[in-house]
Amino acid sequence: MKSIKIGIYLYDLAEVLDFSGPFEVFTTASRISEDTPFEVFLISENGQTVSARAGYKVVPDYSIKDHPELDVLLVVGGDHTQEMNKTAVLAWIAQQALKVTWLTSVCTGAFLLANAGALRTHKVTTHWDDVVDLRKLHPDLEVVEGVRWVQQGKQLTSAGISAGIDMSLQLVSLLHSDLLAEKTAHQMDFDWTKNPL
């Protein structure tokens with residue numbers, strides 16, 4: 001079985017758990033699976049060290065110009081105010097949205113997807129504290145509250161921070177099997193919230 005390539009896009013002041021949580025889910029799933037279903041990469045704009053929340057330093061694997069072809073793009077949240085206005089980044093997200101099989105975001109990463117015009121459907125979610133702002137900036141979107149994640153077709157968006165773990169487990173279930181997702185959650189000692197939505 002060919003490994004599914006997952007690119008996690010992060011930037012300065014990104015929430016640490018927004019990328020670390022999904023990274024842990026996909027790498028744990030591969031570690032406990034017999035067929036290593038996922039390859040996960042961290043991607044930043046220029047490939048240089050990123051200073052996430054509280055000064056947490058991260059060295060990405062690639063830049064937006066030199067990463068492998070992706071099957072899944074996951075855009076993380078955090079202090080997204082500068083990032084969502086970067087022309088090169090938004091153009092790259094829009095380009096990737098046309099190529100990847102699954103387009104996903106954690107927390108305020110939904111703002112970047114929306115600003116890039118990359119959302120394929122209109123029902124999304126984000127961090128509870130940012131719902132009002134997302135609705136104001138993008139009144140065409142149906143921003144759902146009170147859920148851990150929202151799936152619309154081949155698009156997944158999650159609520160804040162730790163909700164990205166739930167969403168990533170759902171993606172493991174969709175891309176591989178519910179059994180592997182359950183085993184991954186158990187290995188991580190995590191109580192997986194499965195949305196009814």
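Please read these numbers as outputs of a predicted model, since none were measured by experiment.

Undergrad: Quick one: what's the story with the sheet that holds strand β2 (residues 38-44), residue by residue and with numbers?
TA: Spatially, seven strands are ordered β5-β2-β1-β6-β7-β11-β10 in an open sheet, and the strand pairing comes out mixed. The open sheet terminates on both sides in strands that have one partner only, identified here as β5 (62-63) and β10 (149-152). Sheet analysis places strand β7 (residues 102-105) next to strand β11 (residues 155-158), joined by three bridges and oriented parallel. Its bridge partner lying in β11, S105 is registered against T157. Taken strand by strand, helix α5 (residues 163-175) contacts β1 (4-9), β2, β6 (72-75), β7, β10 and β11, and its axis lies near 160° from that of β11.

Undergrad: Provide a residue-level description of the packing of α5 against helix α6 (residues 178-187), including the pertinent values.
TA: Angle between the axes and distance between the axes: these two values describe a pair of packed helices. One can describe the packing of α5 onto α6 by two numbers: an axis separation of 6 Å at closest approach and a directional angle of 145°. Contacts between α5 and α6 involve L169, V172 and S173 from the former and D178, L180, A181, T184 and A185 from the latter. Of the residues contributing to the contact of α5 with α6, the split by class is five nonpolar, two polar and one charged.

Undergrad: So what about the pairing of β10? Which residues, and what values?
TA: Judged from the four bridges that link them, β10 and β11 form a sheet pairing that is antiparallel. Residue pairing in the sheet places V150 in a bridge with T157 of β11.

Undergrad: Give a detailed account of the pattern of salt bridges, specifying residues and quantitative values.
TA: Two side chains bearing opposite charge may form a pair once their charged atoms approach each other closely. Counted by the stated rule, this structure contains eight salt bridges. R53 is the salt-bridge partner of E15, the closest N and O atoms lying 3.0 Å from each other. Linking E15 in the loop between β1 and α1 (16-32) with R53 in the loop between β3 (50-51) and β4 (57-58), this pair joins segments that are 38 residues apart in sequence. The exposure class of R53 is partly exposed, given its relative accessible area of 31%. Linked by salt bridges that have partners in common, E45, E83 and K86 make up one network.

Undergrad: Provide a residue-level description of the pairing of β7, including the pertinent values.
TA: Regular strands place side chains that alternate from one sheet face to the opposite one. The alternating pattern of β7 places W102 and T104 on one face and L103 and S105 on the opposite face, and all of these are buried. In this fold, β6 hands off to helix α2 (residues 87-99), which returns the chain to β7; that crossover is right-handed.

Undergrad: Now, about the environment of L134: what can you tell me, with residues and values included?
TA: Of note, L134 is situated in helix α4 (residues 131-137). For L134, a relative accessible area of 0% translates into the label buried. Taking the C-alpha atoms as reference, L134 lies 8.3 Å from A110; in sequence the two are 24 residues apart. Not counting the four nearest positions on each side in its chain, L134 is found in contact with A110, F111, A114, V124, T126, L141 and V143.

Cut-offs and rules
Residues numbered from 1 in each chain as written. Predicted model: local features only at pLDDT ≥ 70, side-chain atom pairs only at ≥ 80, totals over all residues. Heavy atoms only, no water. Pairing = 2+ DSSP bridges. Helix = DSSP H or I, 4+ residues; strand = E, 2+ residues; numbered from the N terminus. Contact = heavy atoms within 4.5 Å. Axes fitted to C-alpha atoms, helices over the stretch in contact; angles between N-to-C directions. Nonpolar A, V, L, I, M, F, W, Y, C, P; charged D, E, K, R; others polar. Salt bridge = Lys/Arg side-chain N within 4 Å of Asp/Glu carboxyl O. Buried < 20%, exposed > 50% of the residue type's maximum accessible area, 1.4 Å probe, protein only. Right-handed = clockwise from strand over helix to strand, strands pointing away.

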